[in-house]
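One-letter residues, chain by chain:
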Amino acid sequence: MSFRFGTQSGLTRGFTLIEVVIVMAIIAILALMAMPMFFAKVPRAQVEESLPLAEIAKNAVAAYYRNKKALPADNATAELPEPAKLIGNYVTAVTVKDGAVTMTFGNNSNSKINGKKLTWRPAIKLDTPITPIAWVCAGKKVPDTMDAGGVDVTDIPRDTMPAFCR
């Protein structure tokens, strides 16, 4: 007596239609469970990819403050191009106003952040000879011994902000 795995009377046996349908249903359920996690990461990744644009403006504000001991009123004062000329894949403008740096999202950005803003405010420790600037992202609390410049106009959803902004 010989046994052959996967054969029945010499014919190769495959999956039945019901087995294939069950496997496809399980795969579909797993994919549906994974989709929301994927879609939640896309806007956050776009925000994080845009951070170097804000760094350009933050560096200009810090340099202006080191030289003048005051915060720049706008992009021109900080010696930056006008807001609509500091753009990227997901950013339509980077604006400096009273030292605060605000990125406006648009262009190819996800609909969850399109038209929304993210602001960094400069926090300065007064009455110190060397005054470094710490940057306060979005609505984060300003350290007690520091004063922050500008106004926070952040309106992007909290779950799309980088981890250090939440």
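The model shown is predicted, which means the values in this text are computed figures rather than measured ones. (Residues numbered from 1 in each chain as written. Predicted model: local features only at pLDDT ≥ 70, side-chain atom pairs only at ≥ 80, totals over all residues. Heavy atoms only, no water.)

Participant: Give me the nonpolar core: which residues, what numbers.
Facilitator: Among the nonpolar cores identified, the biggest contains 25 residues, and Leu80, Val94, Val101, Met103, Phe105, Leu118 and Trp120 are the most heavily contacted of them. Of all elements in the fold, only helix H1 (17–68), strand E3 (91–97), strand E4 (100–105) and strand E5 (117–124) reach the threshold of two or more residues within this core. For this core, the leading source of residues is H1, giving 7 residues. Sequence-distant contacts of Val101, defined by excluding residues within four places in its chain, comprise Ala54, Ala57, Lys58, Val61, Val94, Thr95, Val96, Leu118, Thr119, Trp120 and Trp135. (Core = buried A, V, L, I, M, F, W, Y, C linked by side-chain atoms within 4.5 Å. Buried < 20%, exposed > 50% of the residue type's maximum accessible area, 1.4 Å probe, protein only. Helix = DSSP H or I, 4+ residues; strand = E, 2+ residues; numbered from the N terminus. Contact = heavy atoms within 4.5 Å.)

Participant: Which residues make up unusual backbone geometry, and what are the values?
Facilitator: The phi dihedral of Lys69 is positive, around 55°, even though this residue is not glycine. Considering the arrangement of structural elements, one finds Lys69 in the loop between H1 and E3. Relative accessible area serves as the criterion here: at 48%, Lys69 is assigned to the partly exposed category.

Participant: Which residues make up H1, and what are the values?
Facilitator: Counted at 1.5 Å a residue, the expected span for H1 with its 52 residues is 76 Å, and the 77 Å between its end C-alpha atoms agrees. At Leu51, H1 shows its largest kink, close to 35°, and the proline Pro52 lies no more than four residues downstream. Following H1 by one or two positions, Lys69 has its phi on the positive side, about 55°. (Expected span 1.5 Å × (residues − 1). Bend = angle between axes of the 7 residues up to and from the residue.)

Participant: Just give me the short version of the pattern of salt bridges, but keep the residues and values in it.
Facilitator: Counted according to the given criterion, the structure contains 3 salt bridges. Among the ionic pairs, Lys112 bridges to Asp159, the shortest N-O distance being 2.7 Å. With Lys112 in the loop between E4 and E5 and Asp159 in the segment after strand E7 (147–148), this residue pair connects regions lying 47 residues apart in the sequence. Using a relative accessible area of 31% as the deciding quantity, one classes Asp159 as partly exposed. (Salt bridge = Lys/Arg side-chain N within 4 Å of Asp/Glu carboxyl O.)

Participant: Just give me the short version of the pairing of E4, but keep the residues and values in it.
Facilitator: Counted residue by residue, E4 has 6 buried out of 6 residues, so it is predominantly covered. Residues Ala100, Thr102 and Thr104 line one face of E4 and the alternating positions Val101, Met103 and Phe105 line the opposite face, and both faces are buried. Where E3 and E4 come together, 6 bridges link them in antiparallel fashion. In the strand pairing of E4, Lys97 is matched with Ala100. Linking two consecutive strands that pair antiparallel, namely E3 and E4, is a turn of 2 residues; a positive phi of about 55° is found at Asp98 within it. (Pairing = 2+ DSSP bridges.)

Participant: Tell me about the state of the cysteines, and name the residues and values.
Facilitator: Overall, the coordinates contain 1 disulfide when judged by the stated rule. Note that Cys137 is cross-linked by a disulfide to Cys165, the S-S spacing being 1.7 Å. Disulfide Cys137-Cys165: torsion about the S-S bond near 85°, hence right-handed. In this pair, Cys137 is assigned in strand E6 (residues 133–137) and Cys165 in the segment after E7, connecting sequence segments 28 residues apart. Like Cys137, the residue Cys165 is buried in the burial classification. (Disulfide = S-S within 2.5 Å.)

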